[in-house]
Every structure is written in structure tokens, then in C-alpha cells.
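# Examining the three-dimensional arrangement
In case you want the letters, here they are:
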Amino acid sequence: MKRLMCCLFWLFLSEALGLEIPTNGLPEFAEYGDLVELAPGKFQFVPENRRYQRSISGESGEMMEKADQVTLYSYKVQSTITSRMASTIIQSKVVNNSPLPQSVVFDVQIPKGAFISNFSMTVGGTTFTSSIKEKTVGRALYSQARAKGKTAGLVRSKALDLENFKTEVNILPGSKVQFELHYQEVKWRKLGSYEHRIHLQPGQLAKHLEVDVWIIEPQGLRFLHVPDTFEGHFEGVPVLSKGNQRAHVSFKPTVAQQRKCYSCSETAVEGELVVMYDVNREEKAGELEIFNGYFVHFFAPDNLEPIPKNILFVIDVSGSMWGVKMKQTVEAMKTILDDLRAEDQFSVVDFNHNIRTWRNDLVSATKTQVTDAKKYIEKIQPNGGTNINEALLRAIFILNEANNLGLLDPNSVSLIILVSDGDPTVGELKLSKIQKNVKQNIQDNISLFSLGIGFDVDYDFLKRLSSENRGIAQRIYGNQDTSSQLKKFYNQVSTPLLRNVQFNYPDKAVTDVTQNNFHNYFGGSEIVVAGKADPTKLKQIQSIITATSASTDLVLETLAQMDGLEDFLSKDKHADPDFTKKLWAYLTINQLLAERSLAPTAAAKRKITKTILQMSLEHHIVTPLTAMVIESDTGDERMLADAPPQDHSCCSGALYYGSKVAPISIPTWASPSPAPEIPLHARGAQVIETTPPHVIRVENDPHFIIYLPKSQKNICFNINSEPGKILSLVSDPESGILVNGQLIGAKKPKNNKLSTYFGKLGFYFQREDMKIEISTKTITLTRGSHVSILSWADTARFINQRVLVSVKKEKTVTITLDKEMSFSVLLHRVWKKHPINVDFLGIYIPPTNKFSPNVHGLIGQFMHEPEIHIFNERPGKNPKKPEASMEVKGQKLTVTRGLQKDYRTDTVFGTDVPCWFVHNSGKGFIDGHYNDYLVPQLYSYLKWP
């Protein structure tokens, strides 16, 4: 009997009974006006809407090979990705044209870690559907009514990151068979993008071959790319359409295009269709999405300075590493060492039955040291046994000793990367004892990552070892690609950006939160936390993220409305309304499976097992504790698809294994801001909770309002300068404090006058070596060589020594020094299409005596109040604006009574502030001329004559 491989789903039923998946062609997607079509196989950022399509001629209705005894009528795949949650359906239809019965094998590869949720097939008019049962129950049902001539199973594949779903059926002459398989997976961000891989293996030419991938991302799509994975054979076949928040990839080769060559009967469709994309996150570090009683929190900040790392490479050089594996490992290590940063420290431990170290202590990653380490590695000759226990303890000792002696930067990250291809053969052989030794000796500031090369190593042991010690394990496939796999993994952990990342949701109506405490966050990745939220008790969810960056403690606050996604999702027929529920279940079950493998007692393991089983049955998914029973509609024939051997890692493809902490564990320095009861963008909303009644202000174009506490007067003046000029506001070299502002201009003059505003403000605190640059787009903190960047889209706090920086989303930045001196910056947004106005900043400084006696600047000079005398108030040229005389600094000035605005308590209309206005850019009131206050750089002190 001829066995034909028919990769995934739906083997043919009669046209009357066939359950068709909608193919949803491209014209149907045209309802989204913002979609544009991209060039196939090209990485593109799309600045504007445009469409074009490469025309490929083909025989769409071409007859299949007459010699085929079994015809693959159709092979269709549909994937929908809604906020990283991917649901895929694969269907296949086959008809037996032979005069004899035929055996058909349906063998499909799915991503490792994906959950199968449904399977059905129709064979010769008999329909089989699936149900999920506890494993022993499923086996009992199967034994009662085994299907004749039919088998099914889920087996772990040795292929990279894939598993096989396989079923085999016998079909009679003229019969039709169809298969349909459903599975779910989460898209994990790696090296700055998400990858969706669909393994295509129809086994023969298909009359109708269609793949559709729909992507719906509320955060917005940054790019979409389909790389060429078929060596140019299908150039021009994938059609890409990308909008702001939606995208569609269509792959529909004709029969002629499927052929390996013009006269070939073999199909060229054998491999992976890969869709790569990333979402917009320039405007904010995290995204909190809530829908149908569940929430998902995505966190992937990029604009942060890398944290210095202390890294120990522990390399297996036993005899089993001889040949290609060692050669590839050495090649990878040379590249990895070159990628170390100057501020990193490192060493190398290599082991067989003996333990050797390149350096007994950590050394800085200078060019000289890196070159020497590469020479050392090149000379390694694999031989002997494997002593994993002693090698790991030596690496741990080196890091512990350096930490105890104070040789490590307290803000650094410590990593151990173990590379091995086999089980221990020398020294301690008992894996549980090695695991215990490592756990007892390793300090809690060290993360252990394990890379197992090939299939001789006990991979489950490496996973337990890493999961217990704040790291993960990954299998490296021992072949010519070993080097690139090692380098790719290192690249994922090479850029630590945050330490001790903790997510908190103070509301009591938020429950069942997944792991929310993570040792590190690495650049290019993403942390995902999910939970339940009772919509009857909450209108919004407040989240507080605390973390430590290279130079500061960081607090990020997010407030999301319970119905924030309802309108968006309801307008998209491809969006999965259950994506939050599925993603929460996926994370929870995977994390419970990992916890189960580390359970300290049998009772704890039984409790976790019970929870996993209940969730697996409730969400109808195949896990290591359940089986899929495939049953005919009459109940007299059954097949059984068991789950593969248990994978102890959490969330295949994820970079993080964390822990859970309670809301009460929020650090004291990160106490949350009160959650407002009104929407954040309400008209007239107060932007500063505690509003000092009297401050010095600069607003609009630019209007200075100087409050003089002793005389209890407000004195105003304008500065009429040019765009690009930088004005000294506060200059106090003795205290080491500086505030400067750079002017921007309106889009065009109004009444022959070009208004200017502050578009950028610079704050410098010399004793802390901290610079803070605030523009209308971002807030940048620089301390020494360390840089952190936030946008106005975040609510956040930076805490560093004496300086506290608080950002209130789209409203204010408040800088506090020693709790005694504060500066507030207000953001003014205007309509983007306004013909004249631009976004600008306002600054508010309460008067204080904390500056030195020599403080100066347009604002600083008034920290020591001059004596003023206002008299002879009289009617002015404008009856509504009286005039008066003012004596100040030995001069007599004419001033006009007027009103200016204070926007701290009302973001839209402002509050009127009465003041006496000094004409001619403050001449006579300020020292000298306003041009004397121009400085060359944003962080230049004022040099007063």
C-alpha cells in the first residue's frame, strides 16, 4: 500500500458535508482602509498607503497528476494572531482515486509548546470528533472501542522546536477523507521581533493550497516581514498587506508554482513559512490590555542603558564534544567574547574530569583580555569524562567571592552560562544531588542558563537546574548550525536592561495573576503577565511596575479602562475575543507544569496536578496530564492522541521563569500614586496633586511670572528671542544646579510675529552627575555613561540618590531634590494639524532659599527677592489694564496690570493669575539685558559679567 505524507488537516469529505474554513481572500481584507500591500520577501517600513501586486501566471485550475492514486484536493492553513495569542487551523482533504483501499498518513509538525485544542476528521462519510479527557480516563475509553485501521498520536520530534501530530487511516476506493487540527501558542519576542512559523509539508501537489495569516495588534504594527525560506522558489507568491494595527499574509501558490520544476510531479512546498513582525512601543514601555474579565500586561522597554554584567562561561570539553560540536562551540565563543562590553567582567571555566579556569578571578572585557581568552579557547582539546558538579561550583565560587569582596558593581547582573552535551560521568553523578549543591551555594543575585547540546544530555535536569536558579535552559541541536544557535541564545541575554522587575496590581478585584516577579529583563525580549479582573467591581486597572536600571530605581504606573478594547475588537471579524482568556490559561498552565517539576513534596505536587488537570479540561487543551479521545459519531470507534513526554520548562520559547509576589510586597520607595476616578484625559483635570499656591512660572511664548513672597506680588515679563536659542533659567555653580531652556518657534508668524516657546528643558545636578533632558517627546535621564529614556505616554518614577523624577502620563514631570527643592514641567499638546501652534513646555518652580547666594539666571536671580515698591496706580491706555510705577533695583519702571495663565490645576483653560507686567523683555527688572542670559549648550552654566 502506498503511504503518502499529507501534512495537517482536513482530508476530504463530500462537498455536501464538508466544513470549510473561510479562505478570506485579500479583497475581503480591503475593508480596512489603512492596509497597504508590501513587496514580497522585503523588509519594509511603510510611510504611506500604496498597493501593488506582482502578477504570477499559473494554472489555478490545473488537473492533478493522473498517476496519483490518492489526490490531495486541498491543503489550507489559517492563523489568527491577536495580541501575541496565535490560533491556527490546518485542514486537508484527500480523495482515493485508486481501485484499491489506500493507507493515508496525516503527519503534521506543530511548534513545540503549542496546545492542541481540537481535532476532527471525516472518513468515508463517518465523522470523528475529539474531546479532552484525563489521561487514564482517555485510555480506558480507547480500550473499549478501538478504531480499526486507524491510529493517532502526538509525539515529540527531534526537529528543532517542533512536535508531530500523526494519524493514519485506511480509505476505500472512491472515498474521501478530511482532517482538521486546531492549536494555540503565544508569540514570544526574541531579538526585537515575533516570529510565527507554519511548517508546510503537504507531501504532494495540492489542487488548492492556501495559507492565510491575520495579525491584529492594538499596540500598532512597527514592521511586517516574510523572509525567503524556500530558496527563491516562491518569489512573489506571498502577498503582504499591512495597516496600522492589522496585517494579512497570503500564500497561495498554484499547482504550477508548487512543482519543483516545470515537468516535476514533486511539490516544492516543504519547509516553513515564517512571518516576522514587531509592535510599536516607542511611546510607552508597557501595554495593559483588558477584555472579557481577563487582562494581559506586555512589558518591553527598549530605551534603557545596558546594565554591566559579570558572566562565567562554563564549557564542557569532555571527549563527547570532540569534532563538529567543539569546533562550532569555539567559533561561537570567539564571537560572543568579541561582543562583550568594556564595562562587563568575565572568565571561562572549562571542564572534563578536571576543572580548569582561564582566570581564577573575573576580569574586565578589555580588548587584550578578550584576545587572550579567545587564544585559550582555541587551544582546547576535548577528552575525558564530565564533571558538571565541580565545574558549576567553581563558577559559583568565583562570582560569590567577587561579590563578597565588593569587586562587583552593585548595579550589575551576574550570569553563568553552562554549555554541555552529556550527563555527568565523573565526580557527583546523582542529578538531584548536583541540583541541591548548586541551589545551596549560588547567591540569589546570580542567574544560571543551561545549553544542552544534542540528545545525550538530560535536558529535563538542565531545565530544573536553571528554573531553580533564575534562568532557563535551551536545547542546542548538534549539527553544522550549532554555532549560530549558541550565538543566538547569547544575544538574547547579552543586554540586561533591568533587574528585579516586579508587577503589582493593587485592586482586590484583580486575582489569579501569573508570575509577576522577574530577576532580569533583557533587551529585545518581552515580559508577559496575565490575570483575572472582575468587570462588575472595576472600571479600570492600575498597575505598578518596579525595577532597577543601570543607574536608577524605576517605577512605572499604568491605568487601563475595562472597556478600552471593546470597540476596537468588535470592528474586526478576525480578532479573537477570547485572546486574553487563552493567553492567561496558556501562561498559567505552563507555569504550573514548571512548578510541578520542582514541587518539594508529594502533597504539593498532587495539589498542582489537580489544578493543571482542571484547567486543561476546562479550556479543552492537550497537556501532559490529558489525552485527546477521537471518537466516531456513533461511538463505536475511538482513537487516542496522548500528549508527548512532559516538558518541564515554562512557556516554550519564553526567556523568563519568574515567581509570584503578593500586592503588599510593593517596595516602600515605590508607593503608588492615587488612582484617579476620572479618565486621564478629562477636560480640566488637575495635573499636579499637591499644587503650591505660589510659584515662579514660565508659560506660553514665553511668559515669565515671578512670585515675590515678601511683597506677595506677581511680576511678569516676556522674552522675545529666536527659535534655537538657549536661555539660562537657573545657574548655581556653587550648589551644582542648573536649569536651561531651548526655544522653538511656531509653525508660522501670526500678525507678523513668530511666537517662541520652550521645546526642551535641561536640568543638571552636578553632585549626582545627573542630567535630565525634557522635550515634548521624551524624558531622558543621564547619569555618567548610563542613559534611561521614557516617553510622555508613561506614568513613571526614577529614584536615584537625592533625585526623584516623577512622570505623570501626558501631563507633568516633577523633579524633587532632597525633598526640599522641586521643579515641575507641564506638557502642552496642541492639535497636530493646527496651522500655527506647536507642542511646548511650561516650567513651575516654588521659591526656595536652598540655592547659594550667587544663584543667577532669568529665574534664579529672584530666589533672593529684590525689594520692590509699586505706587501711583492709574488708568492705562486700555481701561481694563491699569498702569503703575514700580521701583526696583534702583530703577523706576512703568508696569501694566494684566492676567497670565497657570495651567497646573486646569489642563485646558488654565487659571487666571493677576500680575504687573514689565515691558521690553523685563528690562530694568532683570539684571542686564535678556541677551546676557543666552548660553551655548543645554548644560552650560551662565557666565555673568
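Along each chain, numbering runs from 1 in the same order as the chain's sequence is written. Owing to the predicted nature of the model, reporting of local features is limited to residues with pLDDT of at least 70; listing and counting of side-chain atom pairs is limited to 80 or more, with chain, interface and lining totals taken over all residues. Only hydrogens and water are removed before side-chain values are computed, so all heavy atoms of the structure are retained for them.

Right, let's talk about the overall build of the chain for a bit. Helices and strands together make up the secondary structure of the chain, namely 13 helices and 51 strands. By residue count, 59% of the 945 residues in the chain fall in the buried class. Residue contacts follow a heavy-atom distance rule, with two residues in contact if any of their heavy atoms lie within 4.5 Å. For the chain, the proportion of contacts with a sequence separation of at least 24, taken over those separated by at least 6, is 70%. All accessibility values rest on the Shrake-Rupley procedure with a 1.4 Å probe; residue burial counts only the protein chains present in the view. On the chain, roughly 39100 Å² of surface is accessible, and the fraction owed to carbon and sulfur atoms is 49%. We count a stretch as a helix when DSSP gives it H or I for four or more residues in a row; a strand needs E for two or more, and each element gets its number in order from the N terminus. The cut-offs for exposure are 20% and 50% of the maximum accessible area for each residue type, with area from a 1.4 Å probe on protein chains only; residues under the lower value are buried, those over the upper are exposed, and the others partly exposed.

The next subject is the sheet that holds strand β11 (residues 194–200). At least two DSSP bridges between two strands are needed for those strands to be called paired. In spatial order, the strands read β11-β16-β13; together these three strands make up an open sheet with antiparallel pairing. The outermost strands of the open sheet, each flanked by one partner alone, are β11 and β13 (221–225). For this sheet the average axis-to-axis angle between neighbouring strands, irrespective of direction, equals 15°. Sheet topology places β13 next to strand β16 (residues 271–279); four bridges connect them, and they run antiparallel. Residue pairing for β16: His-225 is matched across the bridge by Met-276. Whenever a helix is involved, its axis is fitted only over the stretch in contact; in every case the axis is a line through C-alpha atoms, and angles between N-to-C directions fall within 0 to 180 degrees.

What follows concerns the side chain of Arg-499. On the secondary structure map, Arg-499 appears in strand β26 (residues 496–504). Buried charged residue Arg-499 carries no salt bridge. Nearest counter-charge: Asp-553, at 6.0 Å. Beyond its immediate stretch of four places on either side in the chain, Arg-499 contacts Ile-307, Pro-410, Asn-411, Ser-412, Val-413, His-519, Asn-520, Ala-547 and Thr-548. By the counting scheme adopted, Arg and Lys are positive, Glu and Asp are negative, and His together with the chain ends is not counted. For this analysis, a salt bridge means a side-chain nitrogen from Lys or Arg found within 4 Å of a carboxyl oxygen belonging to Asp or Glu.

It is worth spelling out the packing of aromatic side chains at this point. Any pair of Phe, Tyr and Trp rings, taking the six-membered ring for Trp, is counted once the centres come within 6.5 Å. Such a pair is stacked with planes under 30 degrees apart, edge-to-face with planes over 60 apart, and tilted for the rest. This structure, assessed with the given rule, holds 26 aromatic pairs. Ring centres of Phe-106 and Phe-179 lie 4.4 Å apart, and the angle between their planes is 10°; on these two criteria the pair is classed as stacked. Taken together, the residues Phe-106 in strand β5 (residues 102–111) and Phe-179 in strand β10 (residues 176–186) connect sequence positions 73 residues apart. Joined through ring pairs, the aromatic side chains of Phe-106, Phe-119, Phe-165 and Phe-179 make up one cluster.

With that settled, the discussion passes to the pairing of strand β18 (residues 294–299). Across the six residues that make up β18, a large majority, six, are buried. Residues Tyr-294, Val-296 and Phe-298 line one face of β18 and the alternating positions Phe-295, His-297 and Phe-299 line the opposite face, and both faces are buried. In this structure, strand β17 (residues 286–291) lies alongside β18, joined through six bridges in antiparallel fashion. For Glu-289, the partnering residue across the bridge sits in β18 and is Val-296. If you look at the hairpin formed by β17 and β18, you'll find two residues sitting between the two strands, and Asn-292 has a positive phi there, around 55°. As defined by bridge partners, β18 adjoins strand β29 (residues 527–533) across six bridges and the pair is classed as antiparallel. Counterpart to Phe-295 in the pairing with β29 is Gly-531.

Bringing the pairing of strand β36 (residues 713–718) into the picture now. Burial analysis of β36 places five of its six residues in the buried class, the great majority of the element. Sheet topology places strand β35 (residues 703–708) next to β36; six bridges connect them, and they run antiparallel. Looking at the pairing, Tyr-707 lines up with Asn-714 of β36. Linking β35 back to β36 in an antiparallel pair, the connection comprises four residues, with Gln-712 at a positive phi of about 55°.

This paragraph deals with the nonpolar core. For our purposes a nonpolar core is just a set of buried Ala, Val, Leu, Ile, Met, Phe, Trp, Tyr and Cys residues, chained together by side-chain atoms within 4.5 Å. Phe-763, Ile-772 and Phe-925 are the most contacted members of the largest nonpolar core, which totals 90 residues. Phe-128, Phe-179, Val-279 and Ile-630 belong to the second-largest nonpolar core, a separate cluster that totals 55 residues.

Turning our attention to the confidence of the model for the chain. Here the chain averages 84 in pLDDT, while 86% of its residues score no lower than 70. Within the model, the stretch residues 37–67 combines pLDDT values under 50 with 66 contacts to residues more than four positions away or in other chains. Here residues 673–691 is a poorly scored stretch, pLDDT under 50, and it has 42 contacts once near neighbours within four places are set aside; other chains count. Per-residue confidence from the predictor is reported as pLDDT, a score between 0 and 100.

Here the focus is the state of the cysteines. Every disulfide links exactly two cysteines, by a covalent bond between their sulfur atoms. Note on terminology: disulfide denotes any pair of cysteine sulfur atoms within 2.5 Å. This model, assessed by the stated rule, comprises two disulfides. One disulfide bridge connects Cys-261 with Cys-264, the sulfur atoms lying 1.7 Å from each other. Across the S-S bond linking Cys-261 and Cys-264, the dihedral sits near 90°, which makes this disulfide right-handed. A residue is classified by how much of its surface remains accessible, and Cys-264, at 16% relative accessible area, is buried. One disulfide in the model links Cys-716 with Cys-915; its S-S distance is 1.8 Å. Looking along the S-S bond of the Cys-716-Cys-915 disulfide, the torsion reads about -130°, which is the left-handed sense. Residue Cys-716 is found in strand β36, and its partner Cys-915 is found in strand β51 (residues 911–918); the two are separated by 199 residues along the sequence.

A separate point is the packing of helix α4 (residues 324–338) against helix α9 (residues 482–493). With their axes 8 Å apart at the nearest point, α4 and α9 run at an angle of 35° to one another. Relative to α9, α4 is oriented so that their crossing is right-handed. Contacts from Gln-328, Thr-329, Glu-331, Ala-332, Thr-335 and Ile-336 in α4 reach Thr-482, Ser-483, Leu-486, Lys-487 and Tyr-490 in α9. A crossing counts as left-handed when the near helix is turned anticlockwise from the far one by less than a right angle, and as right-handed when that turn is clockwise.

Once the charged atoms of two side chains with opposite charge are near each other, the side chains can pair. Per the stated rule, a full pass over the model turns up 31 salt bridges. The closest approach of N and O atoms between Arg-356 and Asp-350, which form a salt bridge, is 2.8 Å. Residue classification places Arg-356 among the partly exposed residues on the basis of a relative accessible area of 41%. Several salt bridges converge on common partners, so that one network encompasses Arg-84, Arg-189, Glu-217, Arg-222, Asp-278, Arg-281, Asp-302 and Glu-526.

A separate point is unusual backbone geometry. Located in the positive-phi region is Lys-889, a residue other than glycine, with phi close to 50°. Following the sequence through the fold, Lys-889 ends up in the loop between β49 (883–888) and β50 (891–902). The class for Lys-889 is partly exposed, based on a relative accessible area of 35%. Of note in this structure, Asn-920 is not a glycine but carries a positive phi near 60°. Topologically, Asn-920 is positioned in helix α13 (residues 919–922).

This part covers helix α8 (residues 459–467). A turn of α-helix holds 3.6 residues, and therefore any two residues three or four places apart point the same way. Counted residue by residue, α8 has eight buried out of nine residues, so it is predominantly covered. When we look at burial in α8, the residues that qualify are Tyr-459, Phe-461, Leu-462, Lys-463, Arg-464, Leu-465, Ser-466 and Ser-467.

This paragraph deals with the packing of helix α11 (residues 579–597) against helix α12 (residues 602–618). One way to put it is that α11 packs onto α12 with a least axis distance of 10 Å and a crossing angle of 155°. With respect to each other, α11 and α12 are oriented roughly antiparallel. For the crossing formed where α11 meets α12, the hand is left-handed. For the pair α11 and α12, contact is made by Trp-584, Ala-585, Thr-588, Ile-589, Leu-592, Leu-593, Glu-595 and Arg-596 and by Lys-605, Ile-608, Thr-609, Thr-611, Ile-612, Met-615 and Ser-616, respectively. When the residues that make up the contact of α11 with α12 are grouped by side-chain class, the tally is eight nonpolar, four polar and three charged. When an angle is under 35 degrees it counts as roughly parallel; over 145 it counts as roughly antiparallel; between 65 and 115 it counts as roughly perpendicular; any other value is oblique. For this scheme, ten residues count as nonpolar: Ala, Val, Leu, Ile, Met, Phe, Trp, Tyr, Cys and Pro. Four count as charged, namely Asp, Glu, Lys and Arg, and the remainder, Gly too, count as polar.

Pairing is antiparallel in the open sheet, where four strands are placed in the order β17-β18-β29-β27. Sheet topology places β17 and β27 (510–511) at the edges, where each strand pairs with a single neighbour.

Here we take up the environment of Ile-398. Looking at the secondary structure, you find Ile-398 in helix α6 (residues 388–404). Ile-398 sits 86 residues away from Leu-312 along the chain, and the two C-alpha atoms are 8.5 Å apart. Beyond its immediate sequence surroundings of up to four residues, Ile-398 is in contact with Leu-312, Val-349, Thr-357, Arg-359, Asn-360, Asp-361 and Leu-362.

Here Val-419 shows up in strand β23 (residues 413–420). Separated by 105 residues in the primary sequence, Val-419 and Val-314 have C-alpha atoms spaced 6.2 Å apart. If sequence neighbours within four positions are ignored, Val-419 has contacts with Val-314, Ile-315, Asp-316, Thr-329, Phe-351, Leu-451, Ile-453 and Leu-486.

With that out of the way, let us pick up α11. The length a helix should cover is 1.5 Å for every residue beyond the first. For α11, with 19 residues, the first-to-last C-alpha span of 27 Å sits near the 27 Å given by 1.5 Å per residue. Counting buried positions along α11 yields 16 of 19 residues, so the element is predominantly enclosed.

Looking at the element boundaries, Arg-84 is found in the loop between β3 (70–82) and β4 (85–96). Of the residues examined, Arg-84 reaches a relative accessible area of 0% and is grouped as buried. For Arg-84, the contacting residues outside a window of four places in its chain are Glu-185, Val-186, Lys-187, Tyr-194, Glu-217, Gln-219, Tyr-277, Val-279, Arg-281, Phe-298 and Glu-526. What qualifies as a polar contact is a pair of N or O atoms within 3.5 Å, subject to a donor-acceptor requirement within protein and to the restriction that residues adjacent in sequence count only when both atoms come from side chains. Side chain to side chain, Arg-84 and Glu-217 meet in a polar contact 2.7 Å long.

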